[in-house]
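Per-entry structural report
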Amino acid sequence: RATGRLYCWGNDSPGGSLGDNIALADQPTPVQVAGSHTDWTSVTGGAGHSCGRRNSARIYCWGNDNSGQVGDDPILASQPTPIQVAP
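The present account deals with the structure reproduced in this document. (Residues numbered from 1 in each chain as written. Predicted model: local features only at pLDDT ≥ 70, side-chain atom pairs only at ≥ 80, totals over all residues. Heavy atoms only, no water.)

Describing the sheet that holds strand β4 (residues 49–54)
What counts here: Only when DSSP finds a minimum of two bridges between them are two strands counted as paired. Runs of E in the DSSP output that reach at least two residues are strands. Runs of H or I that reach at least four are helices, and both are numbered from the N terminus. All axes here are fitted lines through C-alpha atoms, helices being fitted over the stretch that makes contact, and every angle between N-to-C directions spans 0 to 180 degrees.
One open sheet holds the four strands; their spatial order is β3-β4-β5-β6, and the pairing between them is antiparallel. Each end of this open sheet is capped by a strand with a single partner; those strands are β3 (40–45) and β6 (78–84). Recorded for the sheet is a direction-independent mean angle of 10° between the axes of neighbouring strands. As paired elements, strand β5 (residues 59–64) and β6 share four bridges and run antiparallel to each other. Across the sheet, the residue bridging to N64 is S78, located in β6.

Digging into the pairing of β4
Quick reminder of the rule: Three exposure classes are used, based on accessible area relative to the maximum for each residue type with a 1.4 Å probe and protein chains only: buried under 20%, partly exposed in between, and exposed over 50%.
Within β4, five of the six residues are buried, which leaves it mostly tucked inside the rest of the structure. In this sheet, β4 lies alongside β3 in antiparallel orientation, the contact comprising five bridges. Opposite W40, over in β4, you have R54 as the bridge partner. From the end of β3 to the start of β4, which pair antiparallel, there are three residues, and G48 there has a positive phi angle of about 90°. Pairing between β4 and β5: five bridges, direction antiparallel. For H49, the partnering residue across the bridge sits in β5 and is G63. With antiparallel pairing between neighbouring strands as the criterion, β4 and β5 make up a hairpin whose turn holds four residues, including A57 at a positive phi of roughly 75°.

What to know about the state of the cysteines
As a reminder of what qualifies: Any two cysteine sulfur atoms within 2.5 Å of one another count as a disulfide.
The final tally for this structure, using the stated rule, is one disulfide. Summary of cysteine pairing: C8 is not part of a disulfide, and the nearest cysteine sulfur, belonging to C51, is at 11 Å. C8 sits in the buried class, given a relative accessible area of 11%.

Focus: the pattern of salt bridges
Using the following cut-off: Any Lys or Arg side-chain nitrogen found within 4 Å of a carboxyl oxygen on Asp or Glu counts as a salt bridge.
As enumerated under the stated definition, the model contains one salt bridge in all. A salt bridge links D39 to R54; its shortest N-O distance comes to 2.8 Å. Within this pair, whereas D39 is found in the loop between β2 (27–32) and β3, its partner R54 is found in strand β4, the two being separated by 15 residues in sequence.

A closer look at the side chain of Q27
Rules: The criterion used for residue contact is that any of the two residues' heavy atoms lie within 4.5 Å.
Its place among the elements puts Q27 in strand β2. Residue class for Q27 comes out buried when judged on its relative accessible area of 18%. Ignoring sequence-local partners within four residues, the contact set of Q27 consists of W9, G10, L18 and D20.

Remember that the coordinates give geometry; whether it matters functionally is a separate question.
Next comes the structure, spelled out in structure tokens:
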């Protein structure tokens, strides 16, 4: 959005791919990604996870993390809110 806020919708499984901190709750209409960030510049979706870039050039991911898709350490089953990808 022009406000810099990020919204997602659709199938939220597996693991909270919408990033709204309500894991496994499908959303037919846009819901704001958790957090009060207003500086998102881009977003991409994967198979059960999503990643976004903020104006600071930092990358954040959320959703299914059973194979390390979210880029954090340690690998978790899911990450329902955006977390910064480890450098």
